[in-house]
Amino acid sequence: MNKKLTKRYLIPAGVCLLVIFGLVYYYFFSSFSTHPQTEYVYIDNDDNVDSVLTKLSAMSTCHGRQGLQTLVRHSSYHNHIRTGRYAVNPGDGAFRIFRRIKNGQQAPVELTIPSVRTLNRLSAELSKKLMLDSTTIYRALTDEQTCRRYGYDTLTIACMFIPNTYDIYWNISLDHLLDRMKRENKRFWNFERKQKAQQMGMTENEVITLASIVDEETANNQEKPMVAGMYYNRLKLRNAEYPNGMPLQADPTIKYAWKKFDLHRIYHNLLHIDSPYNTYKNAGLPPGPIRIPTVAGIDAVLDHVHHDYLYMCAKEDFSGTHNFARTYQEHQRNAAKYSKALNERGIK
């Protein structure tokens, strides 16, 4: 009799438990996402419970959405919404996703510092990958007090940004972002690079400033050490004609001074602009970089080719490389060939 009672009650109870476990698994642990690849949800300061659920619903199954709504409803999540970028992986259940957003377990973004010409453009590019808006970033980079805190001014702050790719949380604060960039800058300027700069008699900012000009002159990484060597020769030249060093006479600095980056030819009337970036009028380097240089450009300066060239001119074959010259007369011949090629192509 007891055995019959046992079977009579235990079997239905077991079935009920299996059903319950099945439902729990179905709503809370089976795959939440309808997509075969990892998706990301971005939760910002303006989000509330409803908007978070709406964002996640766009990528969820019906049962996953119901499971997540249940977890949210029976928790204090509405009082502790954490901003960030959260991964929704294939196979993740509603419980795992809920725990992730509740505990702030973010997925970092790959933030690439771009080699751009202006702080305005840098701010815009950074804001595309971060919760920070471009105006907030730009105001900080053009604020003297902020720049001084990191050892720069508004003309040299671009030197702090080394164009590599970094894993950073999407909701990083502005202060933490700048702190991180300063740490990465220190890491980049290791003992070997610092020693090379010292041997050249240049500061880190001066190396980066020269590298920015080199990058503007050529996209050919193999030629960059040659170009860097030519400009370095001009910086160090001291004679009766150039007691303070030979002017760099770098056309990219004229483009930067005028903020006309699409110029193909630098005519004589453009050379009279009153600007510290006019390297035709002012000896030495400009007061700061004219773009964020590439790592290849920086290392090209540090590993510049030792030669005695003082002049260069773009090749007439438009290969993107240059003819180098030791004398001004030789340089004039090279310039005439390039000018002729420009005229034949109707380039103004």
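These figures come from a predicted structure and were not determined experimentally.

Each value, and the rule that gives it
Residues numbered from 1 in each chain as written. Predicted model: local features only at pLDDT ≥ 70, side-chain atom pairs only at ≥ 80, totals over all residues. Heavy atoms only, no water. Phe/Tyr/Trp six-rings, centres within 6.5 Å; stacked < 30°, edge-to-face > 60°. Helix = DSSP H or I, 4+ residues; strand = E, 2+ residues; numbered from the N terminus. Buried < 20%, exposed > 50% of the residue type's maximum accessible area, 1.4 Å probe, protein only. UniProt positions renumbered as here; feature names shortened; annotations may be inferred. Contact = heavy atoms within 4.5 Å. Salt bridge = Lys/Arg side-chain N within 4 Å of Asp/Glu carboxyl O.

1. A word on the packing of aromatic side chains
- Summed over all chains, the structure comprises eight aromatic pairs.
- Considering the side-chain rings of Tyr 309 and Phe 324, the 5.7 Å spacing of their centres and the 40° angle between planes classify their relative orientation as tilted. Of this pair, Tyr 309 sits in the loop between helix 13 (295–302) and strand 5 (311–314) while Phe 324 sits in strand 6 (residues 322–325), placing them 15 residues apart in sequence.
- Under the relative-accessibility criterion, Phe 324 is labelled buried at 13%.

2. Considerations on the UniProt feature "site: Important for catalytic activity" (unreviewed entry) in the protein chain
- As recorded in UniProt, the sites labelled "site: Important for catalytic activity" (unreviewed entry) are Glu 217.
- The residue Glu 217 is located in helix 10 (residues 204–217) in this model.
- Apart from the residues lying within four places of it in its own chain, the contact partners of Glu 217 are Val 227, Tyr 231, Ala 250, Asp 251, Pro 252, Met 312 and His 322.

3. Brief notes about the pattern of salt bridges
- Enumeration according to the criterion identifies 16 salt bridges in this entry.
- Among the salt bridges present, the one from Arg 180 reaches Glu 184, with a minimum N-O distance of 2.8 Å. Of this pair, Arg 180 and Glu 184 both sit in helix 8 (residues 174–188), four residues apart, roughly one helical turn. Neither residue differs from the other here; Arg 180 and Glu 184 are each classed as buried.
- One salt bridge in this structure joins Lys 196 and Glu 192, with 3.5 Å as the shortest N-O distance. Linking Lys 196 with Glu 192, this pair stays in helix 9 (residues 191–200), spanning four residues, or about one helical turn.
- Each member of the salt-bridge network shares a partner with another, and the members are Asp 92, Arg 96 and Arg 100.

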